[in-house]
Amino acid sequence: MRTLLSRWLDLLLRRQREERLTDEIQAHLELLADDYIAKGMAPADARLAARKSFGGVDQIKEAYRDQRGLPGLETLVQDVRFAIRVLVRDRGFTVTALVVLAVGIGVNNMFFTLVYAHKFRGLPIEQPERVLYLSTFDDRVPDRALSPAEFADLSQAQTQFTGLAAYATGVVTVGDEGRAPERFDAAFVSSNAFPQIGVSPIIGRGPSLAEDRPGAAPVVLLGANAWQSRYAGDPGIVGRSILINGSPATVVGIMPEKSGFPSVAGVWLPLGQLPGWSQKRDARTLRVFGRLHQAAAVADARAEIEAAFGRFEIAYPDTNRKLRARVVPINERILGDLAGWEPFIMAGIVVILVACANVANLVIARALHRSPEIAIRASLGASRSRIVRQLLVEASVLAAIGGLMGGGLSLALVRLFQSAIPAGVLPYWFDYSMDRRVFGALVAIAFSTAVVFGLIPALHASRTDVTRILKDGGRSSGGHGGMRLWTAAFLTAELALAMVMLTQVALPMLTSRTSLSTDAAVDTTAVMTMSVTLPATGYPTASHRLEFFRRLGDRLAGRADVTAVSRTSLLPWDGGSSATRRLDIDGHAVADQVAAPSVLVIDIAPSYFATLGLTLLEGRDFTASDGTGASPTAIVNDRFAQVFLDGHEPLGARIAVTAPNAPDGAPLQWLTIVGVAPAIGQQGGGDQGQGAPVVYLPVAASSPVTSIVMVRHRTDPVAIAGLLRTEVQAIDPTVPLDRMRTLAGAIRDARWNSRVSSYLATTICLLSVLLAVVGLYAVTAQRVALKTREIGLRMALGAQSRQVLQLILGGVRVPLALGLLLGTAGAVAWDRAFSSGSADLYASAPRTLLIITALIVPVVVLACLVPFHRAVRMSPLTALRED
C-alpha cells in the first residue's frame, strides 16, 4: 500500500522529483569527476570518464521513473496527448470521422433511450418484480379482468401477498361553484392500492377502508396538475367539497407530480364509487395486483392463485368454466414485449455498423498515408504491440469525442421525438432522461465502436514492411493488398446495409400508398370537433342525454354558417381495444376452442358520413328513430363485408356484437345491416394496410355519457369554437367541453405514433445511405491518392480521361456487385423477420429492389466523380512529383 501511494504521489509531485533526480545524478557525476581529477586526469577527461563510468543518464532516469511512478498510466497519457495532436493536425479526417461516429452513435443511443423508456424502465415503484398483476383468460378471450366477487374471494384466500389491490379507469367531471367544469381521466382504486406501489399523497391522505365501499361518503384525490391548474396549488383545497360528476365529494389528498397510476389518471376515487358496481361473478371490470411477502416466491403465488381459480370453476361452473388465471410481474404485463420495436432496434444496429465500416475505411486510408511514420517508429525500436496500442488509443479518443457528440445528438433527437407526442397520451412513468443505464449504454456503444473500426486497421498497419516503405519513401501504392481487401469488405458491407435500409424506406411509403388507396378520403377541412361529457347527476338516464344532444344539434343546425352536425364515440384514425367487441354472424357458428372474431364498433349519429364529406356505398344512413325502436340496425364498412360476409349481399344480413364488459352467455341482440360505408382509416381492429372492419351502431342505442360532437362549417375554426362553447353553455353551463380541435388536428394527434415512426425510419434509413456515400467517396479518394503517380504516368503516356475513370471505378465494381447481392439477401431476410405477413407489403419485391439498385448505381458513380475530376485536372508532372 505504501509503495502504491508513493507511485500515485509521484504523479502529483513529478516536477519536484524530476528536479531532485537531476540534482542527484549531477552530484554523482561531479563526485566521480573529482575522483578522476585526484588521480591526475585533466578536468575535461575526468568529466568524460565519469560519464562513461556512470552509464546512460537517460536510461537511468527511465529505470528510476519506472520504479517510482505508474509507467502504464504515464504511457497512456502520452499516447492520448499524441493522439490528440495527430487528430488536430489531420482536421479533414477528424471532422469527417467525428460526424460519421456522432450520427451512428447518436441514432443508436436514441433508439436505446426510446426502447428503454417504453419497454424496460417500467413503473417507478420499489421492487417492481415483486408486484404481481392478476388477470384471467379462456379459450375464446385471451385477456379478462376480474369481477368484484372474485377479487373479494382472492383477497380472503391468498397467503402469499401483503394484500391484493384493484383499480378501474374512467372519466370524471370536476366542477365548482363559479368555475367552468373540466373533464379528467380518473382511476377508481382500492384503499390499499397506493401502499402496494409505494406512493403517498404529498398533502392529506389516501382513501380509507371505510370509504372504499358503495354508499360511503364520496372522497377524491387530485393529481398535481389538476391541483395546480384548477386551484393554483392552494393546500386549503384539502378538506373542501368539490363536484365530481355533479355530486359533492370531499378532497382528502393531493398526489405528487409524475404520478398518474395506473396510466394517465389526474383524479383518484375509492373503488367503491365505481359506477355500475356489481357483485355478479361475470361482471369483470377490475384490474388486480398485489405485492409479495418478503419470504414469498413468485412461483408459489402463481400456484396459489391458479389453484383458487380451479376451485372457482368447480364452485361456479356457470361463470368460471374454463377460466384460468395468469400471474405475471406488473411491469411485464404493462410494458409487454418488444413486438413492434425490433425493426427500430435493428435499424439502429445497422446505422452504427455502417458508421463503423465507414470510419474503418477512413482509418485504413489514413494508415496507408501514415505508413512512412509507422515505418520510422518501427525502425527506431517500437514493437508491434506498441504501435497497435497507439493506434487503438487514437481510435478510442476519436470514439470518446464521437460519443460525446452522439450523446448530445441523441438527446436532441429524443426531445424532437417528445415534441411530436400530443399531451396526455403517454403514461406517467414514461421518462426519456439519460439515467445511469442509458449513459452506460452510450459509453459501451462509443468504445465498442473504437474496437470495431480501430482494431483491424491497427493490426494491419502494425505489419509495416519497414525496408520497403523507407526505400520507397511512402510513394508506392503496392504492397497494401491486405488493407485493400479490408477496404473492399467494409465498402461491400456499407452498400449492402444501405440497400437493406433503403428497402425499409420503400416499405412505409408502399404501406401508406396502399392505405390511401383503400381508405376513403375524409374531408377534414372546416370540421371542428369537441368532446362533451354529461354529468351523471343532471343526466342520469339515456333519455336525458338524448334530449341534450338533440337540443344542441338543433341549435347548431339552425346556424347559417353550419352545414352538418353529428356525433360519434370515435373519430377517424382513433380506436383501440376498448372499442373492439366480439362478433357473431347469423348462420356462422364458431367452435368453442376457436377464438371468436372481433370487430371495431363505433357509435354514430345521423349525418356522420355527410359531416366527413362521404357518401354511403349501399343502403341508407341512420335516422333519428334508429336505436330507439324495436328493430335494431347497423351500418358496416366495405372491409367488413369483404372479411366476414364471404361475398354475400350485406344489406339485410344479421349480426350481433357484445356489449362492453358483457358477461359470457349474455343474450345477443341481433342487428340488421341497413347500409355499407366506405372504409375509413381507424386504429385497432384490423390490418392497417387494408382498413379495419368496422360496425357502426346508432348512438341513440347506447347514449353514452361522453360523445364527440362534429360540426362542418363555413367559417374559420376560431369562430366556430366560440359558437360551440356558447351553444353548450346556453343549454347547460355545468357541462364541460374537452379536446376542442379541428378534425385535421384530431387525426394528426391520433396518428402521431405511426407518423413519428415513419419519420424516424425514413430519416435513419437516409442517414445510413448518406454514410455509405461518404464511405464510398473516402475509398475512392484514397484509391486516387495512392495511384497518383500511376495516373500521372498513364496520362504522360497519353491515357484518356475515360481510361482514368475506368481505373478509378475498377476498385469499386466488385464491392458494388457484392453489396447489391448481399443487400438483396438482407432485404428478403428483413421482410421475413419483420413484415406484416402480407405479400403486397413486402419491400423486397423484385420491382422495389430494381428501383433501389437503379438508385444506388448512379450514386456510386457520382461519389467517384469528385476524385476523378481532381485526378484528370492534375498535370502529369505534378502527379509524378507527388510524394
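S.K.: Help me get a handle on the overall build of the chain, residues and values and all.
M.R.: Looking only at helices and strands, one finds 29 helices and 21 strands in the chain. Per-residue burial over the chain gives 46% buried out of 883 residues. For the chain, the computed accessible surface area is about 41,300 Å², with 59% contributed by carbon and sulfur atoms.

S.K.: Describe the packing of aromatic side chains, listing the residues and the values that go with them.
M.R.: Under the counting rule described, the total for this entry stands at 17 aromatic pairs. Residues Tyr 116 and Phe 120 carry aromatic rings whose centres are separated by 6.5 Å and whose planes lie at 15 degrees to one another, so their mutual orientation is stacked. Note on Phe 120: relative accessible area 48%, which makes it partly exposed. Measuring from ring centre to ring centre gives 5.7 Å for Tyr 428 and Trp 429, while their planes differ by 80 degrees; the resulting arrangement is edge-to-face. Accessibility expressed as a relative area gives 16% for Tyr 428, which makes it buried. In this structure Trp 429 comes out as buried when scored by relative accessible area, which is 7%. Here the aromatic residues Phe 112, Tyr 116 and Phe 120 are joined through ring pairs into a cluster of three or more. A cation over an aromatic ring shows up here: Arg 281 above the ring of Phe 312, its NZ or CZ 5.1 Å from the ring centre. Its guanidinium or amino end placed over the ring of Tyr 316, Arg 281 lies 3.7 Å from that ring's centre, counting from NZ or CZ.

S.K.: If you had to explain the pairing of strand β6 (residues 241–244) to someone new, which residues and values would you point to?
M.R.: Of the two faces of β6, only one is covered, namely that formed by Ile 242 and Ile 244; the face formed by Ser 241 and Leu 243 stays uncovered. Pairing of β6 with strand β7 (residues 247–254), which is carried by four bridges, proceeds in the antiparallel orientation. Considered in β7, the bridge of Ser 241 is made with Thr 250. What sits between β6 and β7 in their antiparallel hairpin is a turn of two residues, with Asn 245 showing a positive phi close to 55 degrees.

S.K.: I'd love a proper account of helix α6 (residues 91–119), names of residues and values included.
M.R.: Along its 29 residues, α6 runs 41 Å from first to last C-alpha, staying within 8% of the 42 Å computed at 1.5 Å per residue. Among the 29 residues of α6, 23 are classified as buried, and the element is accordingly described as predominantly covered.

S.K.: How would you sum up the nonpolar core? Please name residues and give values.
M.R.: Grouped together as the largest cluster of nonpolar side chains are 80 residues, with contacts concentrated most on Phe 289, Leu 398 and Phe 453. Top element by residues in this core is helix α13 (residues 342–369). It accounts for 14 residues. Each residue touching Phe 453, except ones within four places of it in the same chain, is listed here: Leu 101, Cys 356, Val 359, Ala 360, Val 363, Ala 395, Leu 398 and Ala 399. Counting 41 residues, the second-largest nonpolar core is a separate cluster that includes Trp 227, Ile 244, Ile 254 and Leu 271.

S.K.: Quick rundown of helix α3 (residues 43–54)? Include the residues and the values.
M.R.: Between its terminal C-alpha atoms α3 stretches 16 Å, which fits the 16 Å expected from twelve residues at 1.5 Å a residue. When we look at burial in α3, the residues that qualify are Ala 46, Ala 49 and Ala 50. Buried residues along α3 cover an arc of 105 degrees about the axis, so they all sit on one side. Those residues of α3 that are exposed and angled more than 90 degrees off the buried face are Arg 47 and Lys 52. Once α3 finishes, Gly 55 follows within two positions and takes phi at roughly 105 degrees, a positive value.

S.K.: Break down the environment of Val 718 for me, with residues and values.
M.R.: Mapped onto the elements, Val 718 comes out in helix α23 (residues 717–731). Along the backbone, Val 718 and Met 528 are 190 residues apart, and their C-alpha atoms lie at a distance of 9.5 Å.

S.K.: Can you lay out the side chain of Arg 230 for me, pointing to particular residues and giving the numbers?
M.R.: Among the secondary structure elements, Arg 230 is positioned in helix α9 (residues 224–231). Only 2.8 Å separates the side chain of Arg 230 from the side chain of Glu 182, close enough to count as a polar contact. For Arg 230, the contacting residues outside a window of four places in its chain are Val 174, Gly 175, Asp 176, Arg 179, Ala 180, Pro 181 and Glu 182.

S.K.: Break down the environment of Phe 184 for me, citing the residues and quoting the values.
M.R.: Checked against the element boundaries, Phe 184 lands in strand β3 (residues 179–189). Residue class for Phe 184 comes out buried when judged on its relative accessible area of 14%. Expressed as a C-alpha distance, the spacing of Phe 184 and Val 174, which sit ten residues apart in the sequence, is 7.3 Å. Filtering out sequence-adjacent residues up to four positions away, Phe 184 remains in contact with Gly 170, Val 171, Val 172, Val 174, Ala 226 and Val 267.

S.K.: Any details on unusual backbone geometry? Residues and values, ideally.
M.R.: The step from Phe 261 to Pro 262 runs through a cis peptide bond, and the omega angle for that step is 5 degrees. Mapped onto the secondary structure, Pro 262 falls in the loop between β7 and β8 (267–270). Phi at Ala 232 is positive, roughly 55 degrees, even though this residue is not glycine. Relative to the assigned elements, Ala 232 resides in the loop between α9 and β6. For Ala 232, a relative accessible area of 67% gives the class exposed.

S.K.: Explain the pairing of strand β16 (residues 633–637) to me, and be specific about the residues and the numbers.
M.R.: Burial runs high along β16: five of the five residues are buried. Alternating positions in β16 separate into two faces, Thr 633, Ile 635 and Asn 637 on one and Ala 634 and Val 636 on the other, with burial throughout. Sheet analysis places β16 next to strand β18 (residues 671–677), joined by five bridges and oriented parallel. Following the sheet pairing, Ile 635 is matched in β18 by Gly 675. Where β16 meets strand β19 (residues 694–698), two bridges bridge the pair, whose relative direction is antiparallel.

Rules used in this analysis
Residues numbered from 1 in each chain as written. Predicted model: local features only at pLDDT ≥ 70, side-chain atom pairs only at ≥ 80, totals over all residues. Heavy atoms only, no water. Helix = DSSP H or I, 4+ residues; strand = E, 2+ residues; numbered from the N terminus. Buried < 20%, exposed > 50% of the residue type's maximum accessible area, 1.4 Å probe, protein only. Areas by Shrake-Rupley, 256 points an atom, 1.4 Å probe, with all protein chains shown as cover. Phe/Tyr/Trp six-rings, centres within 6.5 Å; stacked < 30°, edge-to-face > 60°. Lys NZ or Arg CZ within 6 Å of the ring centre and 35° of its normal. Pairing = 2+ DSSP bridges. Expected span 1.5 Å × (residues − 1). Core = buried A, V, L, I, M, F, W, Y, C linked by side-chain atoms within 4.5 Å. Contact = heavy atoms within 4.5 Å. Arc of directions from axis to C-beta. Polar contact = N/O pair within 3.5 Å; in protein donor to acceptor, adjacent residues only side chain to side chain.

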